[in-house]
Amino acid sequence: MSKPQFNAALLNFLQRAPTPFHAVALMRQRLLAAGFVELDEGEAWRIVPRGRYFVTRNQSSLVAFRSGQRALGEEGLRMVGAHTDSPCLKLKPNAVNETVGYVKFGVEVYGGVLLNPWFDRDLSLAGRITLRDKRGALRSVLVDFERALAIIPSLAIHLDREANDSRSINKQTMLPPVLGLAGAKPFDLEALLQGELKKQDASLARADILDFELCFYGTQPPAMVGVAQEFIAAARLDNLLSCFTGLEALIDSKANTAQLMIASDHEEVGSTSVAGARGNFLKSVLERWAGNDEVYARAIARSLLVSTDNAHGIHPNFSDKHDNRHGPLLNRGPVVKVNSNQSYATNSESAALFRHAAELAKVELQSFVIRTDMGCGSTIGPLTAAALGVRTVDVGVPTFAMHSIRELAGADDAHALYRALLAFYGLKSLEVASWS
Ligand SMILES: [Zn+2]
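Residues numbered from 1 in each chain as written. Predicted model: local features only at pLDDT ≥ 70, side-chain atom pairs only at ≥ 80, totals over all residues. Heavy atoms only, no water.

A count of helices and strands for the chain gives eleven helices and 20 strands. Its C-alpha atoms give the chain a radius of gyration of 23 Å, within 12% of the compact-globule value 22 Å for 436 residues. By principal-axis analysis of the C-alpha atoms, the chain measures approximately 80 × 60 × 35 Å. Considering only contacts within the chain whose residues lie at least 6 apart along the sequence, 77% involve residues at least 24 apart. (Helix = DSSP H or I, 4+ residues; strand = E, 2+ residues; numbered from the N terminus. Rg over C-alpha atoms; globule rule 2.2 N^0.38 Å. Contact = heavy atoms within 4.5 Å.)

If you want it as structure tokens, here you go:
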């Protein structure tokens with residue numbers, strides 16, 4: 001796929017995936033359209049050579065794979081990992097609060113949200129509603145209001161003269177988005193949700209809503225920014241950019257090798273969940289594909305996971321936050337992330353395999369290591385490496401404003417990562433000789 005086509009499709013994906021559920025729904029549609037066969041964890045599987053498959057869990061995590069030509073135990077897998085979730089504000093169960101004549105919704109902070117940028121943004125609501133339909137059957141339905149429903153207004157500077165010097169945010173009291181003026185009757189959240197469901201599907205008009213997982217998101221569409229349009233500005237670049245890139249590379253791969261893409265939920269809150277990378281989703285898929293312990297163990301020993309998650313680019317206004325030799329620039333290529341304390345899973349062999357693939361694709365790479373006097377973030381890389389015993393390298397495109405409601409990436413880097421991952425999926429061998 002050419003870079004303009006790729007970026008246009010990436011922007012569209014970011015816009016239409018306000019939640020992990022929507023991201024997985026779009027990835028599922030994309031895979032079905034490309035001829036991948038959907039598997040169900042509750043059914044028997046039959047994996048044949050040169051097949052293309054995918055399976056979802058909790059509608060928020062997805063594993064897609066190509067079974068390749070050779071026996072799994074002889075070849076090993078080229079795996080790419082990413083995460084579907086992003087920090088956001090989630091609706092509380094009893095969300096409605098009315099204060100001094102206004103309706104507000106109580107919210108939880110999901111993950112490490114950079115909170116200041118959430119003020120004065122036009123916010124919409126999206127997520128999953130689980131309901132009982134007219135026939136009495138339980139089902140989950142995705143909703144996206146799309147229109148601006150709410151806003152978190154800042155306090156005027158006249159009422160807080162210290163705002164520019166020492167503003168801190170109380171998450172309980174200062175964050176609830178304002179939806180409008182209170183009426184004579186209490187605000188009916190259920191009626192709001194039912195109205196949206198009915199718009200989507202008339203048969204859901206009188207469904208009983210049993211529960212929901214909804215989050216606020218900014219309605220400003222993704223955009224190309226910069227004098228030469230050299231940046232991509234959007235919400236959720238961390239880490240939908242990698243989900244999109246890994247999946248498109250898997251779909252476009254022409255190689256007959258065994259390849260897999262996993263996109264997991266709940267990375268931003270530590271990954272411990274039914275659909276998170278500390279759960280058993282990937283292991284369970286691989287065990288069923290392998291068929292027995294011996295093949296599974298041999299396959300894992302021969303495999304490599306490329307854990308793709310964004311890196312911090314060096315910021316021109318805060319350049320002292322980076323080591324002077326390890327400040328990745330936007331549009332200078334994907335970054336190999338190293339941390340000797342194992343916050344990243346990269347080692348010299350896993351990095352060498354990825355560098356080898358990138359060279360084949362003529363993609364320049366950069367290196368990142370955190371300043372020695374600062375703490376390091378982490379990814380799904382180390383925990384997947386530890387859980388499966390699989391060699392892993394942590395990579396990602398450099399970005400600014402990670403965990404803001406609007407992040408910034410380079411317009412060249414996602415496509416460069418796509419080309420590097422295509423080359424990686426096509427690597428004939430993942431062997432690095434040792435003891436010789
Ligand atoms: Zn991330």
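Another point: a nonpolar patch on the surface. On the surface, a nonpolar cluster with roughly 370 Å² of combined accessible area is contributed by Val 100, Tyr 102 and Leu 181. Note on placement: Tyr 102 falls in strand 6 (residues 102–110). (Patch = residues over 30% accessible without salt bridge, like charges linked within 9 Å, V, L, I, M, F, W, Y side chains within 5 Å. Areas by Shrake-Rupley, 256 points an atom, 1.4 Å probe, with all protein chains shown as cover. Salt bridge = Lys/Arg side-chain N within 4 Å of Asp/Glu carboxyl O.)

It is worth spelling out the layout of surface pockets at this point. Estimated volume of the largest pocket: approximately 580 Å³. Taken together, 28 residues line the largest pocket, and the ones lying closest to its centre are Gln 15, Arg 16, His 22, Leu 26 and Asp 144. Contributing elements (two or more residues each) for the lining of the largest pocket: helix 1 (3–16), helix 2 (20–33), strand 8 (138–144) and strand 10 (208–218). Top contributing element to the lining of the largest pocket by residue count: helix 2, with seven residues. When grouped by side-chain class, the residues that make up the lining of the largest pocket number twelve nonpolar, eight polar and eight charged. Lining the second largest pocket are 14 residues, and of these His 312, His 315, Lys 321, Ala 401 and Met 402 lie nearest its centre. Residues belonging to the lining of the second largest pocket are distributed by class as follows: seven nonpolar, six polar and one charged. (1 Å grid on protein atoms, 1.4 Å probe; cavity = no way out; pocket = protein on both sides within 12 Å on 5 of 7 lines; lining within 4 Å. Points joined across faces, edges and corners; volume = space filled by probe spheres on them. Nonpolar A, V, L, I, M, F, W, Y, C, P; charged D, E, K, R; others polar.)

The pairing of strands in a sheet happens through backbone hydrogen bonds and is either parallel or antiparallel. Strand order in the open sheet formed by five strands is 11-12-20-19-15, and the pairing between neighbours is mixed. With partners counted over all chains shown, the strands left at the sheet margins are strand 11 (223–225) and strand 15 (311–312), one partner each. With two bridges connecting them, strand 19 (residues 398–400) and strand 20 (residues 407–410) associate as antiparallel partners. In the sheet register, Phe 400 faces strand 20, and the bridge partner there is Leu 408. (Pairing = 2+ DSSP bridges.)

Every protein donor of the zinc ion is listed here as His 83 (NE2), Asp 238 (OD), Asp 309 (OD) and Asp 309 (OD), and their distances to the metal cover 2.0 to 2.6 Å. If you look at the zinc ion, its four donor atoms make angles of 53 to 138° with each other, and the shape they trace is irregular. For the zinc ion, all donor residues lie on one chain, and their spacing in sequence is H-x154-D-x70-D. Residue His 83 is found in strand 4 (residues 78–83), and its partner Asp 309 is found in the loop between strand 14 (304–308) and strand 15; the two are separated by 226 residues along the sequence. The residues His 83 and Asp 309 share a single accessibility class, namely buried. (Donors = N, O, S within 2.8 Å, 3.2 Å for Na, K, Ca; no water. Tetrahedral: all angles 85-135°; square planar, octahedral: opposite > 155°, others 65-115°. Buried < 20%, exposed > 50% of the residue type's maximum accessible area, 1.4 Å probe, protein only.)

To continue, consider the pattern of salt bridges. Within this structure, the stated rule accounts for 14 salt bridges. Note that Lys 3 is salt-bridged to Asp 412, the shortest N-O span being 2.8 Å. A residue pair is termed long-range when its members are at least 10 positions apart, and Lys 3 in helix 1 and Asp 412 in the loop between strand 20 and helix 11 (413–425) qualify at 409 residues. Across the salt bridge formed by Asp 133 and Arg 139, the nearest N and O atoms sit 3.7 Å from each other. Asp 133 gets classed as buried once you look at its relative accessible area, which sits at 7%. The structure contains a network of salt bridges with shared partners spanning Asp 133, Arg 135 and Arg 139.

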